[in-house]
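Secondary and tertiary structure notes
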Amino acid sequence: MRKPLVVALCALALAGAGATPAVAAAPSPTGADTTTGTAPATSLTDVVNDTVGAVADTLSGLTAPKSAAVNFAGTVSLSNCSGSVVRMPDSTASDPALVLTNGHCLESGFPAPGQVLTDRASSRTFGLLNASGAKVATLRADRLVYATMTDTDAAIYRLNTTYARIKSAYGIDPLTLSGSRPAAGTAISVVSGYWKRIYSCSVDGFAYRLKEGDWTWKDSVRYTSACDTIGGTSGSPVVDDATGKVVAVNNTGNEDGARCTVNNPCEVDRNGGVTVRQGINYAQQTYPFTACFTTGNRLDLSASGCTVPKP
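Summarised in this report is the structure supplied together with it. (Residues numbered from 1 in each chain as written. Predicted model: local features only at pLDDT ≥ 70, side-chain atom pairs only at ≥ 80, totals over all residues. Heavy atoms only, no water.)

1. Section: unusual backbone geometry
As a reminder, the rule being used: To qualify as a helix, a DSSP run of H or I must reach at least 4 residues; to qualify as a strand, a run of E must reach at least 2; elements of each kind are numbered from the N terminus.
Here aspartate 151, not a glycine, exhibits a phi torsion of approximately 70°, which is positive. Inspection of the secondary structure assignment puts aspartate 151 in the loop between strand E6 (135-148) and strand E7 (154-162).

2. A closer look at the pairing of strand E2 (residues 82-87)
Selection criterion: In this scheme, a residue with accessible area under 20% of its type's maximum is buried, one over 50% is exposed, and one in between is partly exposed, where area comes from a 1.4 Å probe on protein chains only. When DSSP locates at least two bridges between a pair of strands, those strands are taken to pair.
Burial analysis of E2 places five of its six residues in the buried class, the great majority of the element. By the bridge criterion, three bridges tie strand E1 (residues 75-77) to E2 in an arrangement that is antiparallel. Paired with serine 77 across the strands is serine 82, a residue of E2. Hairpin connection of E1 to E2: four residues between the antiparallel strands. The pairing of E2 with strand E3 (residues 96-101) spans three bridges and is classified as antiparallel. Within E3, the position partnered with valine 85 by the bridge is valine 99. Pairing of E2 with strand E8 (residues 175-176), which is carried by two bridges, proceeds in the parallel orientation. By the bridge assignment for E8, arginine 87 is matched with threonine 176.

3. Focus on the state of the cysteines
Put simply, the rule reads: Cysteine sulfur atoms that come within 2.5 Å of each other are treated as a disulfide pair.
Enumeration over the complete set of coordinates arrives at four disulfides. Covalent S-S linkage joins cysteine 81 and cysteine 105, the inter-sulfur distance amounting to 2.1 Å. Given an S-S torsion of about -85°, the disulfide between cysteine 81 and cysteine 105 has left-handed geometry. Residue cysteine 81 is located in the loop between E1 and E2, and its partner cysteine 105 is located in the loop between E3 and strand E4 (116-121); the two are separated by 24 residues in the primary sequence. Residue pairing for cysteine 260: its cysteine sulfur links by disulfide to cysteine 266, the two sulfurs lying 1.9 Å apart. Looking down the S-S bond of the cysteine 260 and cysteine 266 bridge, the torsion is 100°, so its handedness is right-handed. Neither cysteine 260 nor cysteine 266 differs from the other in exposure class; each is buried. Looking at the protein chain, its bonded cysteines, counted consecutively from the start of the sequence, adopt the pairing 1-2, 3-4, 5-6, 7-8.

4. So, the packing of aromatic side chains
Heads up, the rule is: Pairing of aromatic rings covers Phe, Tyr and Trp, the last counted by its six-membered ring, and requires centre-to-centre distances within 6.5 Å; plane angles under 30 degrees mean stacked, over 60 mean edge-to-face, and any other angle means tilted. A ring is scored as having a charge over it whenever the NZ atom of a lysine or the CZ atom of an arginine sits within 6 Å of its centre and within 35 degrees of its normal.
Across all of its chains, the model carries four aromatic pairs by this definition. Judged by centre distance (5.3 Å) and plane angle (65°), the rings of phenylalanine 126 and tyrosine 157 are edge-to-face. Pair noted here: phenylalanine 126 is in strand E5 (residues 125-129) and tyrosine 157 is in strand E7, with a separation of 31 residues, a long-range link. The class of tyrosine 157 is buried, set by a relative accessible area of 0%. Taking 5.5 Å as the distance between ring centres and 75° as the angle between the ring planes, the aromatic pair formed by tyrosine 146 and phenylalanine 289 counts as edge-to-face. Here tyrosine 146, found in strand E6, pairs with phenylalanine 289, found in the loop between strand E16 (281-285) and strand E17 (293-294); they are 143 residues apart in sequence, far enough to count as distant. The ring of phenylalanine 206 has arginine 181 lying over it, and the distance from NZ or CZ to the ring centre is 4.0 Å. The ring of tyrosine 208 has arginine 209 sitting right over it, with the charged end atom 4.0 Å from the ring centre.

5. Section: the environment of asparagine 263
In this structure, asparagine 263 sits in the loop between strand E13 (246-253) and strand E14 (266-268). Once the C-alpha coordinates of asparagine 263 and glycine 213 are considered, the two residues, 50 residues apart in sequence, prove to be 8.2 Å apart.

Next up, the structure:
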């Protein structure tokens, strides 16, 4: 799991010591995801977030692999993760907009194994990015529609505005969730609004089960090694380069080569065999959600074909 809380504190320390942006902008994966909650809003937290935001801005100039077609438009930065404004295949311009990120990015902390959260009040904010990665607006949620870390690692927020209003005000369209399962070999881009970096690689294959600490996810996307995602990329949309549609949400990677521990997920096959792939990163498929939203972007977990975990 890829939350950059330790990275943020390090950036703050470097900034206080008079470090240059070039030095501060060299984060590495950390074990920060063992933290199970987000610090309450304090003056220190505000300073940390402001500093990390400035550090993240400098990263847009790095030479990370970038797809010619895929850009940052419609992605968002959270206080601790990445995300994107998304629409379902049948969503309309007048529908309330949705934001997709990871379940482990919730401001309330990690959902417990087996826990599914639905229809909760939320006032979370998101920094909306344009194609070049510049922040153009702050969007606000009014509900947490769905969140879990069981079988998948996803959270979907409802904003207090519509796709049409976002388009009119900022010229930005949402990303569309694909209704189809991606295939091995698909060229993909992992687009991090937090770090303003795009990682380009391919779908290497799928993990029947991916186990990390107390959590287990099903049919996870495994990247080829070029997508060497880091803390803060959690919740990034995984975009099919050919279609421009979202096929997964980035969530974790094996950092140290440990077996099935937090920040070190392992693959478990149908026969119970365990494989550890140090340095390899993963995402959770998003097509199952397209069957769970009906007219007006309303969540309907009883809808035909909706297979995501229920409360």
